[in-house]
Amino acid sequence: MGGLLVAAAALTLLACGDKSQSVSGVTAQSAQVQSTPAGPAKRDFKVALVMKTLTNPFFVEMEKGARRAEKEGGVTLLVKTATQETSIEQQIQIIEEMVQAKVDAIVIAPGDSQRVVPALKKAQDAGIKVVNIDNRLDADAMKKSGMSEVPFISVDNEAAAYQSARFIAEQATKPTSAAILEGIRTADNAQKRRAGAERAFKENAKIKLVAQETANWKIDEAYEVSKSIFKAHPDIRLVFCANDMMAIGVMKFIQESGRKDVLLAGFDALNEAKAAVKDGKMQVTVDQQAAEQGYQGVQAALKALRGEAVPTEIKVDARLITKDSAD
């Protein structure tokens, strides 16, 4: 690096020499991950933040965190998103465009854990550093393509979903039917959240899981799925949604139906969901600190570009948001 002295201050979360660093915990209230700005880069690195969409407020927050890292690290951040979370081919095209643009690093929240891997392998072959945030890339797909291991930054999705679903499951004191609305089924985070909710519901012998459907992270699709599952199973009293966008769709259907006996759990702590929790329309959601994930992703890319060690896995703290902790 040409002998340039780099500031000794580094993120505790990205401690040099660690293969895996975790500060994960799912609590009702928890402190933010503490971050110390890295020193200035040798040159103006170009870092691409490739997200699923900006129609979900979660990714708007993720960009805010990445912008903070851009300002502190002296990099040029290029923010690229697909139209929808299901627009996987568009996200693949974006990756290929970033390779052609010869960016120095790609920080990606992939819409699909498998289908984007070949494009990211091309990026690695072009000498571009890759950092994976939010939704984990599929290990088998990476191995099959010959893609090298990359840093992964996210919450423990299974544990956080378990806590969210358990919050409503514990309130079932008599025979109760439950449903799960899943995200994109080929996405690792959707799979982990489904598994966490399943585990929570199975722990209560009084709960019968009668419906598991995907709504692909979308409000309108969740609304339509709700119509279908409640028509088939009108006795459903518990619903876990793998993100708040889907929970908002379910909540809309519940309100229109005049149902007041359904407990609803979500994931993401969107402002609308937090307001619904405070009003009692939802019971719980999960704050997975989208801004912190974006911030840590860009910081990890910058450290990799400087030739510094980056942990292979970094877990950001997840926090359970209930009516008692919604403020």
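Everything discussed here concerns the structure shown above.
Keep in mind that this is a model prediction, so the values were computed, not measured. (Residues numbered from 1 in each chain as written. Predicted model: local features only at pLDDT ≥ 70, side-chain atom pairs only at ≥ 80, totals over all residues. Heavy atoms only, no water.)

Enquirer: Sorry if this is basic, but what is going on with helix 8 (residues 244–257) here?
Expert: The end-to-end C-alpha distance of helix 8, which contains 14 residues, comes to 19 Å, matching closely the 20 Å that a straight helix rising 1.5 Å per residue would cover. Of all 14 residues making up helix 8, ten are buried, and the element is well covered by its neighbours. Inspection of helix 8 places Asp244, Met245, Met246, Ala247, Ile248, Gly249, Val250, Met251, Phe253 and Ile254 among the buried residues, and these make up the whole buried set. The N-terminus of helix 8 is capped by Asn243, whose side-chain oxygen sits 3.4 Å from the backbone nitrogen of Met245. Count one or two residues on from helix 8 and you reach Gly258, which has phi positive near 75°. (Helix = DSSP H or I, 4+ residues; strand = E, 2+ residues; numbered from the N terminus. Expected span 1.5 Å × (residues − 1). Buried < 20%, exposed > 50% of the residue type's maximum accessible area, 1.4 Å probe, protein only. Polar contact = N/O pair within 3.5 Å; in protein donor to acceptor, adjacent residues only side chain to side chain.)

Enquirer: What am I meant to see in the pairing of strand 4 (residues 76–81) here?
Expert: Within a regular strand, the side chains alternate between the two sheet faces. Where strand 3 (residues 46–51) and strand 4 come together, six bridges link them in parallel fashion. Along strand 4, the bridge assignment pairs Val47 with Leu77. Between the parallel pair strand 3 and strand 4, the chain is carried across by helix 1 (residues 57–73), and the sense of this crossover is right-handed. (Pairing = 2+ DSSP bridges. Right-handed = clockwise from strand over helix to strand, strands pointing away.)

Enquirer: What's the story with unusual backbone geometry in this structure? I'm lost.
Expert: Keep in mind that most residues, glycine aside, have a negative phi and that most peptide bonds are trans. A positive phi is found at Asn216, a non-glycine position, where the angle reads about 55°. Looking at where Asn216 falls in the secondary structure, it is placed in the loop between strand 9 (207–214) and helix 7 (219–232). For Asn216, a relative accessible area of 19% translates into the label buried. Phi angles above zero are rare outside glycine, and Asp268 is one such case at about 135°. Tracing the backbone shows Asp268 in the loop between strand 11 (263–265) and helix 9 (271–279).

Enquirer: What is the right way to look at the sheet that holds strand 10 (residues 236–241) in this model?
Expert: Two strands in a sheet stick together by hydrogen bonds in their backbones, pointing the same way (parallel) or opposite ways (antiparallel). The parallel open sheet is built from four strands, whose spatial order is 9-8-10-11. The open sheet has two edge strands, strand 9 and strand 11, and neither has a second partner. Neighbour-to-neighbour, the strand axes of this sheet turn through a mean angle of 20°, independent of strand direction. Pairing of strand 8 (residues 176–182) with strand 9, which is carried by seven bridges, proceeds in the parallel orientation. Bridged to Ala178 within strand 9 is Leu209. Here helix 6 (residues 188–202) sits on the sheet in contact with strand 8, strand 9 and strand 10, set at roughly 170° to strand 8. Contacts between helix 7 and the sheet are confined to strand 8, strand 9 and strand 10, with strand 9 contributing the most and set at about 140° to the helix. (Axes fitted to C-alpha atoms, helices over the stretch in contact; angles between N-to-C directions. Contact = heavy atoms within 4.5 Å.)

Enquirer: Honestly, the packing of helix 2 (residues 88–100) against helix 3 (residues 117–125) in this entry has me stumped. Any pointers?
Expert: Any two packed helices are characterised by how steeply their axes cross, that is the angle between the axes, and by the distance between the axes. In contact at an axis separation of 9 Å, helix 2 and helix 3 are set at 10° when each is read in the N-to-C sense. With respect to each other, helix 2 and helix 3 are oriented roughly parallel. Of the residues in helix 3, those touching helix 2 at Ile92, Ile95, Glu96 and Val99 are Ala119, Leu120, Lys122 and Ala123. Partitioning the contact of helix 2 with helix 3 into residue classes produces six nonpolar, no polar and two charged. (Parallel < 35°, antiparallel > 145°, perpendicular 65-115°, else oblique. Nonpolar A, V, L, I, M, F, W, Y, C, P; charged D, E, K, R; others polar.)

Enquirer: It is not clear to me how the pattern of salt bridges should be interpreted in this structure. Could you clarify?
Expert: When charged atoms on two side chains of opposite charge get close, those side chains can pair. Counted by the stated rule, this structure contains 23 salt bridges. In this structure, Glu96 engages Lys122 in a salt bridge whose closest nitrogen and oxygen atoms are separated by 3.9 Å. Residue Glu96 is found in helix 2, and its partner Lys122 is found in helix 3; the two are separated by 26 residues along the sequence. Arg166 is the partner of Glu170 in a salt bridge, and the nearest nitrogen-oxygen pair spans 3.6 Å. (Salt bridge = Lys/Arg side-chain N within 4 Å of Asp/Glu carboxyl O.)

Enquirer: Which parts of the structure should I look at to understand the pairing of strand 8?
Expert: Counting buried positions over the seven residues of strand 8 gives seven, a clear majority of the element. At this point the chain moves from strand 8, through helix 6, to the parallel strand 9, and the crossover so formed is right-handed.

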